[in-house]
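Here is how the chains run, residue by residue.
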Amino acid sequence: QVQLVESGGGLVQAGGSLRLSCAASGIIFSINTMSWYRQAPGKQRELVAAITSGGSTNYADSVKGRFTISRDNAKNTVYLQMNSLTPEDTAVYYCNTRDPIYGQDYWGKGTLVTVSS
């Protein structure tokens, strides 16, 4: 059974930082691409950042230079370091992975990030 459990969300002032974590189980973590998505109120879910099994990363234009995605295969955990946060970053942040063989998507329950101005 695949489980993705996010943590690290909270309330932060504009300009501040947070680090999100996503602990994965039930998958061969080291071969999976791991991603962070977010969904703001009234908006569609959007890709924030992704990291492949080889460590290649990509980011949404809106977070480039401010957010960093990383992974620790020994801990089956992916991180999202978020710096210089703005109120526009307020959203529920979700961890995601896709089964590399069958293509099924798995999602965590999300963690809320609120950035006050």
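Every value quoted in this text rests on a predicted model; they were computed, and no experiment measured them.

Asker: What am I meant to see in the overall build of the chain here?
Answerer: Across its full length, the chain carries zero helices and 11 strands. Listed N to C, the secondary structure of the chain is β-β-β-β-β-β-β-β-β-β-β in terms of helices and strands. A compact globule built from 117 residues would reach a C-alpha radius of gyration of about 13 Å, and the chain, at 13 Å, matches this within 12%. A burial count over the chain gives 38% of its 117 residues as buried. As displayed, the chain has an accessible area near 6300 Å², and 47% of this comes from carbon and sulfur atoms. Of the side chains in the chain, 10 bear a positive and 8 a negative charge, and the two mean positions are spaced by 2 Å.

Asker: Can you help me understand the side chain of S21 in this one?
Answerer: Looking at the element boundaries, S21 is found in strand 3 (residues 18-25). On the basis of relative accessibility, which here comes to 17%, the residue S21 falls in the buried class. Apart from residues lying up to four places away in sequence, S21 is in contact with V5, E6, S7, W36, T77, V78 and Y79.

Asker: Would you take a moment to explain the packing of aromatic side chains for this structure?
Answerer: A ring pair, where both rings are aromatic, is described by two values, the distance of the centres and the angle of the planes. A complete count under the given rule lists two aromatic pairs for this structure. Look at Y37 and W107: their rings are 4.9 Å apart centre to centre, the planes differ by 65°, and that puts the pair in the edge-to-face class. Taken together, the residues Y37 in strand 4 (residues 34-39) and W107 in strand 10 (residues 105-107) connect sequence positions 70 residues apart. Linked through ring pairs, Y37, Y94 and W107 together constitute an aromatic cluster. For R45, the ring lying beneath its charged end belongs to Y94, and the centroid distance is 3.8 Å. Above the ring of F29, the side-chain terminus of R71 is found at 4.6 Å from the ring centroid.

Asker: What's the story with the state of the cysteines in this structure? I'm lost.
Answerer: A covalent bond bridging the sulfur atoms of two cysteines is what the word disulfide describes. Going through the model one piece at a time under the given rule, you end up with one disulfide. The disulfide partner of C22 is C95, and the gap between their sulfur atoms is 2.1 Å. Judged by the sign of its S-S torsion, about -85°, the bond between C22 and C95 is left-handed. In this pair, C22 sits in strand 3 while C95 sits in strand 9 (residues 91-98), placing the two residues 73 residues apart along the sequence. Considered together, C22 and C95 belong to a single accessibility category, that of buried residues.

Analysis parameters
- Residues numbered from 1 in each chain as written.
- Predicted model: local features only at pLDDT ≥ 70, side-chain atom pairs only at ≥ 80, totals over all residues.
- Heavy atoms only, no water.
- Helix = DSSP H or I, 4+ residues; strand = E, 2+ residues; numbered from the N terminus.
- Rg over C-alpha atoms; globule rule 2.2 N^0.38 Å.
- Buried < 20%, exposed > 50% of the residue type's maximum accessible area, 1.4 Å probe, protein only.
- Areas by Shrake-Rupley, 256 points an atom, 1.4 Å probe, with all protein chains shown as cover.
- Lys, Arg positive; Asp, Glu negative; His and termini not counted.
- Charge placed at Lys NZ, Arg CZ, Asp CG, Glu CD.
- Contact = heavy atoms within 4.5 Å.
- Phe/Tyr/Trp six-rings, centres within 6.5 Å; stacked < 30°, edge-to-face > 60°.
- Lys NZ or Arg CZ within 6 Å of the ring centre and 35° of its normal.
- Disulfide = S-S within 2.5 Å.

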